[in-house]
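Next come the chains, spelled out residue by residue.
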Amino acid sequence: MSSPRTAPVIVWFRQDLRLADNPALHAAVESGRPVLPVFILDAETPGDWKLGGAARWWLHHSLSALNTRLDQTGNHLVLRAGNSHNVLKELIKETGAAAVYWNRRYESSARQRDSDIKSHLKEQGLDVQSFNATLLVEPWTVKNKSGDPFRVFTPFWRSVRSEVDPGTPLKAPSQIQSLDKWPTSEELDDWNLLPRNPDWAKDFPDVWTPGEDGARQRLTDFLEDDAAHYAGGRDRPDKPWTSRLSPHLAFGEISPRQIVAVAESHRETVGDKNTEKFLSEIGWREFSYNLLYHFPNFPEQNYQDKFDRFPWLNNSDTLLAWQRGQTGYPIVDAGMRQLWQTGWMHNRVRMITASFLIKHLMTDWREGERWFWDTLVDADLANNSASWQWVAGSGADAAPYFRIFNPITQGEKFDPNGEYIRKWVPEIAQLPNKFLNKPWEAGPIVLKDAGIELGQTYPEPIVDHSAARERALDAFKSLKEAA
Ligand code: FAD
């Protein structure tokens, strides 16, 4: 057994794949002991929500980037697959580690597991510490005047903004003391996180640079080039006016505290309105985590239980058409194809496509939630479940069910020149703007000139908008009547 001064500290990396502003790593370095950074691929966690395909692609590249960063400090990442608790016990035995540090997670299965591990290791006499690396405020620290969790965003965010000082982000350590004798590490390539045959992620590297450096660069580029358009332009999918930081945040390659600090330092050039709007979206992420923590079944259960009686149709053919971007509604199809080809979709189009699935196709929101979970590089249990329930109307502080997005006018309004649709649905690119969101209204000559044969080269709409709208409203009314 090593002496306590030379016994290593294990830093268990999870959704915090960065060196800067990483409190668990910082504490380990400060302890003056050798540091053993480990990432555990645990197929048993988190519960049923195993990493989706697109997130596995991201994880592979993010771990590789983390290892490069650790190499620069004279250290490196140990990879192990298996049950987290067992792997940690093995590593403690192999290295004589006397401490285990990690940053906290908020999903119910991860919380349960972490708390079991913590009490067991403490019983064995280890120094076990956990930290906050993921949120501006941890869910148990913000309460309303009655001492209950906030269920409405605006007062939640007002309270966070007025009461919480996120503090100064921690610097990345330039050197991290290494171990004399390293435990073995598995090979990243052997984990098969990347898709093969077919390689549906082949275009992802054109769009994304996973890792801490990529995250920092993304934030700087956004603040210097695009953030000045944010408040007025964040709803435009044809423009690059949102930050695209979501996958970096989901994997913890950047912290919200770093984002706040850098955004504040650009406030003068970006403007107050844009800065506040951008920070309030970071606030929605905080709010989603607040909901997930206080209502752990949020990803699986209607928050408003009257929705348990909703008469979903759950038709597998229309679900497939939606997943494939073949609904005949161009803005919906553009979004679903952007998602498939890049692992990401613009927020406005996420709302339109989700509303279409739930309301026009009367498909249970959990089907859409699962599809997004598998295809998004930014899949995040808190944000995904809160957003799906928001669109469904079944959540906390949700959009009312009767607000049904019209996919035609939404496309016309938010993609006014049709650039977004033309990019993702190229088979209708030759249509004049007037018909781009409703090809079925174009006459035979216009369609022929645009090289389109409806039903052949591009689908007829799978439902009629007005009829589908009425059907959804009737279904909602039946809920109210039964109540
Ligand atoms: P920006 O506009 O630049 O916002 C900055 C950051 O704020 C984002 O990176 C994100 O972390 C956070 N944020 C922005 N909007 C929201 C929001 N509405 N709710 C919570 N956080 C937000 N976001 C995810 O990160 N993961 C998901 O799995 C996810 N699923 C969604 C499913 C649906 C049906 C909908 C409607 C939205 C979903 N969102 C999800 C929220 C939002 O669409 C994305 O966070 C956003 O589009 C990411 O792009 P951005 O980084 O350019 O956002």
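Being a predicted model, the structure only gives us computed values, none of them experimental. (Residues numbered from 1 in each chain as written. Predicted model: local features only at pLDDT ≥ 70, side-chain atom pairs only at ≥ 80, totals over all residues. Heavy atoms only, no water.)

## So, the site of the ligand
Taken together, 28 residues are adjacent to the ligand, and Tyr 230, Thr 242, Ser 243, Arg 244 and Asn 347 come closest. Contact distances for the ligand include 3.2 Å between an oxygen atom and a backbone N or O atom of Asp 380. Contact distances for the ligand include 3.1 Å between an oxygen atom and a side-chain N or O atom of Asn 383. Contact with the protein chains removes 96% of the 820 Å² of surface that the ligand exposes when unbound. (Near = heavy atom within 4 Å. Polar contact = N/O pair within 3.5 Å; in protein donor to acceptor, adjacent residues only side chain to side chain. Areas by Shrake-Rupley, 256 points an atom, 1.4 Å probe, with all protein chains shown as cover.)

## Regarding the environment of Leu 66
Mapping Leu 66 onto the fold places it in helix α2 (residues 53-72). When the C-alpha positions of Leu 66 and Arg 18 are compared, they lie 6.4 Å apart, and in sequence the two are 48 residues distant. Setting aside residues up to four positions removed in sequence, Leu 66 forms contacts with Phe 13, Leu 17, Arg 18, Leu 19 and Leu 77. (Helix = DSSP H or I, 4+ residues; strand = E, 2+ residues; numbered from the N terminus. Contact = heavy atoms within 4.5 Å.)

## Brief notes about the sheet that holds strand β2 (residues 35-41)
Pairing is parallel in the open sheet, where 5 strands are placed in the order β3-β2-β1-β4-β5. Two strands close off the open sheet at either side, each with one partner strand: β3 (78-81) and β5 (127-131). Between one strand axis and the next, the sheet turns through 25° on average, direction left out of account. In this structure, strand β4 (residues 99-103) lies alongside β5, joined through 5 bridges in parallel fashion. Pairing of Val 100 across the sheet is with Val 128, part of β5. The sheet strands contacting α2 are β1 (9-13), β2 and β3, and the helix crosses β2 at an angle near 175°. Lying over the sheet, helix α3 (residues 84-95) contacts β1, β2, β3 and β4, oriented at roughly 150° with respect to β2. (Pairing = 2+ DSSP bridges. Axes fitted to C-alpha atoms, helices over the stretch in contact; angles between N-to-C directions.)

## Quick look at the domain arrangement of the chain
Domains assigned within the chain are domain 1 (9-133), domain 2 (135-167 + 211-294) and domain 3 (305-482). Listed per partner, the contact involves 19 residues of domain 1 and 23 residues of domain 2. Taken together, both faces of the contact between domain 1 and domain 2 bury some 1800 Å²; the carbon and sulfur share is 52%. Among the residues of domain 1 in contact with domain 2, Asp 21, Trp 58 and Tyr 106 are the three that bury the most area, contributing 36% of the side total. In this assembly, domain 1 and domain 2 are joined by 4 salt bridges. Taking the shortest distance from any N to any O, the salt bridge between Arg 257 and Asp 21 comes out at 2.6 Å. (Domains from an automatic or database assignment. Buried area = accessible area lost by both parts, 1.4 Å probe. Salt bridge = Lys/Arg side-chain N within 4 Å of Asp/Glu carboxyl O.)

## Regarding the nonpolar core
Within the largest apolar cluster, 55 residues are counted, with the highest numbers of intra-cluster contacts made by Trp 322, Phe 372 and Leu 431. Of all the secondary-structure elements, those providing two or more residues to this core are α13 (316-324), α14 (330-342), α15 (347-360), α16 (365-375), α17 (381-392), α19 (419-424), α20 (433-436) and α22 (465-482). The residues touching Phe 372, leaving out its near neighbours within four places in the chain, are Trp 322, Met 336, Leu 339, Met 345, Arg 350, Thr 353, Ala 379, Asn 384 and Trp 388. Phe 13, Trp 58, Leu 77 and Trp 344 belong to the second largest nonpolar core, which has 35 residues in total. (Core = buried A, V, L, I, M, F, W, Y, C linked by side-chain atoms within 4.5 Å. Buried < 20%, exposed > 50% of the residue type's maximum accessible area, 1.4 Å probe, protein only.)

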